[in-house]
Amino acid sequence: MAVSQVEKERGRSPQKPQGLMKLFCKCMMALWIFVHSVIDYIIDLCFSFIYDDSKRAQIPTVKESFLMESAVSLAEKIRNKEVSAETVVKGFIDRIREINPLINSVVDERYEAALQEAKEADKFLATTTLSSEELKKQKPFLGVPFTTKDSTAVKGMLHTLGLVCRSNVRATEDADVVVLMKNAGGILVAVTNLPEYNLWCETRNNVYGQTLNPYNTTRTVGGSSGGEASVIAASASPLGIGTDIGGSIRMPAFYCGIFGHKPTTGLTPLKGLTKRTGLEQNSTMVSAGPMCRYAQDLAPFLQVLVGDNISKLQLDSEVSLTDIQFFYMEESGDLRTSSVCEEMKQSLHKAVSHFQEMSKSPVQKVRFWNVRYTSKLWRYWMTKEPFKFSEALTDGKGQVSVWTELPKKLLGQSEFTFPAIMNLINNDVLPKEDATWAENTTKCLKAEVLEKLGDNGVLLYPSHPFPAPYHYTSILRPFNFGYWSVFNVLNLPVTQVPMGLSKDGLPLGIQVIASPYKDHLCIAVAKELQKAFGGWVPPFPV
């Protein structure tokens, strides 16, 4: 007799045990989500006693109105001789000097050299026979100051990577992306802070110390381009070059309320980023990309940074937002991450509602189940990067053993931060992901996402479960970075878009994702969201 017939004769449905199991699993998941939320609440409550918001530093208002303008606006005014490059560069240098003691963003400067280059730009403009349009094409950022992080090589500047053993190391040549920006007329004024070897979600190291968030100095700026995000948000730099291997542009851009774009992987040159030579054969998840206060700066800046790869993009093409197919996700589905808070969900749904009214097609809610494995997938693909962390910490002069370094750290004798020790444990102690599983899962997830997005689709996705948390709390919630790193795993272009401030005055935001080489779609959507919801909000009185 068939099993189903036996079960029927016994008077019970064959599906009932399965239904009960599903119900049990759902209940356990709901319980875990509740417990996780309680833990998050307790973490924030405890740290609120450590960091008194009432004692946070207040960022002063700007003294010159041009400090709040976009980079393309500044470039146009300089080209048209409405303001001199020297005036602009001096204004931003003075602003850095004013705010850096409050937030510790800039770690090395070249002010005198920058001012001399600004004077030379003004002399060039006084004698050139090129028209304004020709100048815009050849040197789109002529006379405009910019910054970049310590790990991006700038000749003669400190290039420590946040490591004590490199505290006196200076770069001997410019990174390729810095060369491209200088060739476009940009004037580098300073380099900014970062975590050790760019591998942590807070900007802190034992060379320069900790960078503070200009919206609330008790909160993190994220990492690794945290110094960049904070100095730009505070109107002390109009734009900067960031790098992104697991969210390192978008995380600090979100926490500090500015725009950041991670390009399609493989577009920007890598020579001079950390210790990369540009000749590495390994696959990589890293890209350089633009960070700025205004969406209109993204495309011109990206056009410079991709160099000869510009032909692979369509940055000058017109985008019909009404014809774009929009999708959105509310959560990653990873039970190890925190739940997305209500204010972050509201930011996402504001964007969804806006494009629902604009698009010819309904905005679709989607769920890509394998996104819940992001942390494992990113961890696997990091093993394909051309460096070993335990060797990188010694600047290639040996290896750091977690078994000797952890006791030293507990005794206060280590030269590394605790996140560096955590990374050592993660890399050298914990079991590795199965390669076949990781590669197949990545392949399936990417195929599923690309099938949805196609050539004209955009995904709206949360930036993070909640706005900028208190300093050090990321150690207790290490998996939340998966909201950014999933798109490094998939090698997709992503734009981080600010969406106003929370009830606590902290930046809100969403991510905008498209298919490879469809960076122009991300940027077009970012410009529309800026128009609709205001974009960057100054972290100081206006």
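Below: a short report on this structure. (Residues numbered from 1 in each chain as written. Predicted model: local features only at pLDDT ≥ 70, side-chain atom pairs only at ≥ 80, totals over all residues. Heavy atoms only, no water.)

This part takes up the overall build of the protein. Along its length, the protein carries 18 helices and 13 strands. Relative to a compact globule of 542 residues, whose C-alpha radius of gyration would be 24 Å, the protein shows 24 Å and is just as compact. Reported as C-alpha extents along the three principal axes, the dimensions of the protein are approximately 100 × 60 × 50 Å. Counting all 542 residues of the protein, 56% fall into the buried class. Sequence-distant contacts, at least 24 apart, represent 77% of the contacts inside the protein between residues at least 6 apart. Carbon together with sulfur atoms contributes 55% to the accessible area of the protein, which is approximately 22700 Å² in total. When the 58 positive and 56 negative side-chain charges of the protein are each reduced to one mean point, those points stand 4 Å apart. (Helix = DSSP H or I, 4+ residues; strand = E, 2+ residues; numbered from the N terminus. Rg over C-alpha atoms; globule rule 2.2 N^0.38 Å. Buried < 20%, exposed > 50% of the residue type's maximum accessible area, 1.4 Å probe, protein only. Contact = heavy atoms within 4.5 Å. Areas by Shrake-Rupley, 256 points an atom, 1.4 Å probe, with all protein chains shown as cover. Lys, Arg positive; Asp, Glu negative; His and termini not counted. Charge placed at Lys NZ, Arg CZ, Asp CG, Glu CD.)

Right, let's get into the pairing of strand β11 (residues 457-462). Burial analysis of β11 places 6 of its 6 residues in the buried class, which makes it a mostly covered element. Burial of β11 is two-sided: the residues Gly 457, Leu 459 and Tyr 461 facing one way and the residues Val 458, Leu 460 and Pro 462 facing the other way are all buried. Bridge analysis of β11 against strand β13 (residues 507-513) gives 4 bridges, and the strand direction is antiparallel. The residue bridging Tyr 461 from the neighbouring strand is Gln 511, located in β13. (Pairing = 2+ DSSP bridges.)

By size, the foremost hydrophobic cluster in this structure holds 157 residues, and its most contacted members are Leu 459, Leu 460 and Val 525. The dominant element in this core, judged by the number of residues it contributes, is helix α4 (residues 85-103), at 8 residues. Setting aside its immediate chain neighbours within four residues, Val 525 contacts Leu 321, Ile 324, Phe 326, Phe 355, Val 458, Leu 460 and Val 512. (Core = buried A, V, L, I, M, F, W, Y, C linked by side-chain atoms within 4.5 Å.)

So, about the side chain of Asn 216. Take Asn 216: it is sitting in the loop between β5 (209-210) and α8 (226-233). Residue class for Asn 216 comes out buried when judged on its relative accessible area of 1%. Side-chain polar atoms of Asn 216 contact the side chain of Thr 218, separated by 2.7 Å. Residues within four places of Asn 216 in sequence aside, it is in contact with Asp 53, Arg 56 and Leu 506. (Polar contact = N/O pair within 3.5 Å; in protein donor to acceptor, adjacent residues only side chain to side chain.)

This part covers the packing of helix α12 (residues 374-382) against helix α16 (residues 435-453). One can describe the packing of α12 onto α16 by two numbers: an axis separation of 10 Å at closest approach and a directional angle of 115 degrees. Seen along the crossing, α12 lies across α16 with a hand that is left-handed. Here Lys 376, Leu 377, Tyr 380 and Trp 381 of α12 lie close against α16, whose contacting residues are Ala 435, Trp 437, Ala 438, Glu 439, Thr 441, Thr 442 and Leu 445. Class assignment of the residues belonging to the contact of α12 with α16 gives a composition of 7 nonpolar, 2 polar and 2 charged. (Axes fitted to C-alpha atoms, helices over the stretch in contact; angles between N-to-C directions. Left-handed = near helix turned anticlockwise from the far one by under 90°. Nonpolar A, V, L, I, M, F, W, Y, C, P; charged D, E, K, R; others polar.)

Before going further, it helps to spend a moment on empty space enclosed by the protein. Tallied over the full model, the rule gives 4 cavities of 30 Å³ or more. Estimated volume of the largest cavity: approximately 110 Å³. As for the largest cavity, its lining consists of 13 residues, and the residues nearest its centre are Asn 198, Ile 245, Thr 274, Arg 276 and Val 286. Of the residues in the lining of the largest cavity, the class split is 6 nonpolar, 5 polar and 2 charged. Its boundaries defined by the atoms lining it, the second largest cavity holds a volume of some 90 Å³. Taken together, 13 residues line the second largest cavity, and the ones lying closest to its centre are Tyr 255, His 464, Ser 474, Arg 477 and Asn 480. Residue classes in the lining of the second largest cavity are distributed as 8 nonpolar, 4 polar and 1 charged. (1 Å grid on protein atoms, 1.4 Å probe; cavity = no way out; pocket = protein on both sides within 12 Å on 5 of 7 lines; lining within 4 Å. Points joined across faces, edges and corners; volume = space filled by probe spheres on them.)

This brings us to the layout of surface pockets. Here the largest pocket is characterised by a volume of approximately 950 Å³. Every element with two or more residues in the lining of the largest pocket is listed here: α12 and α15 (418-428). A class-by-class count of the residues in the lining of the largest pocket yields 17 nonpolar, 11 polar and 8 charged.

Here we take up the pattern of salt bridges. Under the counting rule described, the total for this entry stands at 26 salt bridges. Ionic pairing is found between Glu 343 and Lys 503, a salt bridge with its closest N-O pair at 3.6 Å. Residue Glu 343 is found in helix α11 (residues 342-358), and its partner Lys 503 is found in the loop between β12 (494-501) and β13; the two are separated by 160 residues along the sequence. Note on Lys 503: relative accessible area 70%, which makes it exposed. (Salt bridge = Lys/Arg side-chain N within 4 Å of Asp/Glu carboxyl O.)

Counting buried residues in α8 gives 8 out of 8 residues, a clear majority hidden from the surface. Just past α8, the residue Ser 235 takes up positive phi, approximately 60 degrees.

In this section: the sheet that holds β12. Ordered in space as β1-β3-β2-β6-β8-β7-β12-β13-β11-β9-β10, the 11 strands form an open sheet in which the pairing is mixed. The open sheet terminates on both sides in strands that have one partner only, identified here as β1 (106-109) and β10 (364-365). Those strands touched by helix α10 (residues 298-305) are β6 (239-244), β7 (259-262), β8 (287-292) and β12, and its axis lies near 150 degrees from that of β8.

What follows concerns the environment of Glu 318. Assignment of secondary structure puts Glu 318 in the loop between α10 and β9 (325-328). When the C-alpha positions of Glu 318 and Glu 357 are compared, they lie 20 Å apart, and in sequence the two are 39 residues distant.

With omega at 5 degrees, the peptide bond leading from Gly 223 into Ser 224 counts as cis. Following the sequence through the fold, Ser 224 ends up in the loop between β5 and α8. Of note, the phi angle at Tyr 472 is positive, near 75 degrees, even though the residue is not glycine. With relative accessibility at 36%, the residue Tyr 472 sits in the partly exposed group. A positive phi angle is found at Tyr 517, which is not glycine, with a value near 70 degrees. According to the relative accessible area criterion, Tyr 517 is partly exposed, its value standing at 33%.

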